Amino acid sequence: MKILVFGAGANGKACQAYIEKFTQDELIGFLDNDPHKTSGKRYGGGVFVYRPEEAERLPYDQILISNGRPAQIAEIKRQLDELRVPGEKVRVMLEDSDLAVKILSHYNQYDELSDSRVSWLRSFANYAKEEKLSGSVAECGVCMGEFSYFINKYFSDRMLYLFDTFSGFDDRDLQIECSQGHEEFLKSKYNDKELFSAGNERVTLSRMLHPEKCVLRKGYFPETAAGIDGPFCFVNLDMDLYQPMLAGLRFFYEKMCPGGVILLHDYFNLELPGVREAVKSFEKEIGHALSKMPNGDGCSMAVVVP
C-alpha cells in the first residue's frame, strides 16, 4: 500500500518510522499546510512534503492523518473532503487506538545518546545508586511517556509513579494561567487546551521496559496522588502551568530523600512563565530559597533537596 501521511510534525515522524520499520507499505510523502515545510523540501529519510492539493497527482492508496488535536483533525477532514479525496482512503491514526499504540509506542523524540536531559538523567540515576539514595521516582506531565521511558529504564529497580490527565490541560489550570496575563504565554502554542490532548496511557505503558514497576494515575493532580507517600529520590515535574507545578512542589518536596532531585522542566521556557512563578510562590511559602541548579539542557532547573 502506498501511503501519504498528513502532518509532518512529531506524530508524522512516528508514522514514518512505523511504516518503514514494521510494515510492507511505502511512504510516498507527507502532506502539510505549513508553507515552510512544503516548498520543495525533503523530510526525514528523503521523503517529500507536499501541499494537500497536490495529492490528486500522487499515486497513493491511503492518507493517514497523524495530527493529535481534535480541531485540527476535523479541519483536515473538511479540507480533504473539499479536495474530493474519497473517504475510504482517509484514516485517522488517533481514531484507531490499536494503531496509535503501535505507531507511537515505537517512537521517541529523545535520542538517548545525544539528548542532554536524557544524559543528565542517566548520570543522576547512576549517582543515586552509588550514593544509595532511597525512594521511588515519579513524573508529573507524562503525555506519551517518552521521557518516562528513560526514567523507567535508568531506575529499573524502583517504582515509577506517572501522573497525567491524558486529555490535555485542565480547564481550571488553564484559566488560572490566562488570568495572570503573561503575553508570552497568551500568544504561545501552549495557550490551547487541546495541545496535549493526544496524551495516551496505553502508549505510555506499552513503551515501558519494566511496566510492572509503573503505577499510572490518570486525572487531576494532586487529587490523583491520594494515598501515595514517600520517600522519592527523583521527580520530574513537566506540567507547564503555574497551578499544577506549584501543586507538584507542595506534594513532593517534603517527601524527597536527602539529596533527592526535583527536575523542573520548562523553567527557562519564556513562553511558560508560570513555571518560574510557581517556584517563587513555593519559596515564599516555605520561607527560603530552593537549592537550584540548571541541568544543562537549556530548559530545566534541578532542585536538590537537603
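Worth saying up front: this structure is predicted, and the values here are computed from it rather than measured. (Residues numbered from 1 in each chain as written. Predicted model: local features only at pLDDT ≥ 70, side-chain atom pairs only at ≥ 80, totals over all residues. Heavy atoms only, no water.)

*Asks:* Let's hear about the sheet that holds strand β13 (residues 301-304): which residues, and what values?
*Replies:* Strands sit in the order β9-β8-β7-β10-β11-β13-β12 across an open sheet of 7 strands; the sheet is mixed. Two strands in the sheet have a free side with no partner beyond their single neighbour: β9 (214-218) and β12 (292-294). The average angle at which neighbouring strand axes cross in this sheet is 15°, direction not considered. Bridging between strand β11 (residues 256-264) and β13 involves 4 bridges; their strand directions are antiparallel. In the strand pairing of β13, Leu263 is matched with Ala302. Contacting β7 (136-140), β8 (160-164), β9 and β10 (232-237), helix α6 (residues 146-154) crosses the sheet at an angle of about 175° to β7. (Pairing = 2+ DSSP bridges. Helix = DSSP H or I, 4+ residues; strand = E, 2+ residues; numbered from the N terminus. Axes fitted to C-alpha atoms, helices over the stretch in contact; angles between N-to-C directions. Contact = heavy atoms within 4.5 Å.)

*Asks:* Which residues make up the nonpolar core, and what values do they have?
*Replies:* Phe163, Phe221, Leu237, Phe252, Ile262 and Leu264 are the most contacted members of the largest nonpolar core, which has 38 residues in total. When residues of this core are traced back to their parent elements, those giving at least two are β7, β8, β10, α10 (242-252), β11, α11 (273-286) and β13. The greatest single-element share of this core, amounting to 7 residues, is contributed by α10. What Leu237 contacts, discounting residues up to four positions off in sequence, is Cys140, Met245, Gly248, Leu249, Phe252, Ile262, Leu263, Leu264 and His265. Trp120, Val142, Tyr154 and Leu160 belong to the second largest nonpolar core, which has 27 residues in total. (Core = buried A, V, L, I, M, F, W, Y, C linked by side-chain atoms within 4.5 Å. Buried < 20%, exposed > 50% of the residue type's maximum accessible area, 1.4 Å probe, protein only.)

*Asks:* For helix α4 (residues 97-104), give the residues involved together with the corresponding values.
*Replies:* Along α4, the residues classified as buried are Leu99, Ala100, Val101, Ile103 and Leu104. Along its buried surface, α4 packs onto α1 (10-22), β5 (62-65), β6 (90-92) and α9 (201-207).

*Asks:* So what about the environment of Arg122? Which residues, and what values?
*Replies:* Note that Arg122 resides in helix α5 (residues 116-130). Note on Arg122: relative accessible area 27%, which makes it partly exposed. Sequence spacing of Arg122 and Ser156 is 34 residues, and the spatial spacing of their C-alpha atoms is 12 Å. If we ignore the near neighbours within four places in the chain, the residues touching Arg122 are Glu112 and Tyr154.

*Asks:* So what's going on with the pairing of strand β2 (residues 26-31)? Residues and values would help.
*Replies:* Within β2, 5 of the 6 residues are buried, which leaves the element mostly enclosed by the surrounding structure. As paired elements, strand β1 (residues 2-6) and β2 share 5 bridges and run parallel to each other. Paired with Leu4 across the two strands is Gly29, which belongs to β2. You can see the chain leave β1, run along α1 and come back into β2, and the turn it takes is right-handed. Direction of pairing for β2 relative to strand β4 (residues 47-50): parallel, over a ladder of 2 bridges. When the sheet's bridge partners are listed, Leu31 is paired in β4 with Tyr50. (Right-handed = clockwise from strand over helix to strand, strands pointing away.)

By themselves, these are just geometric observations and shouldn't be taken as functional.
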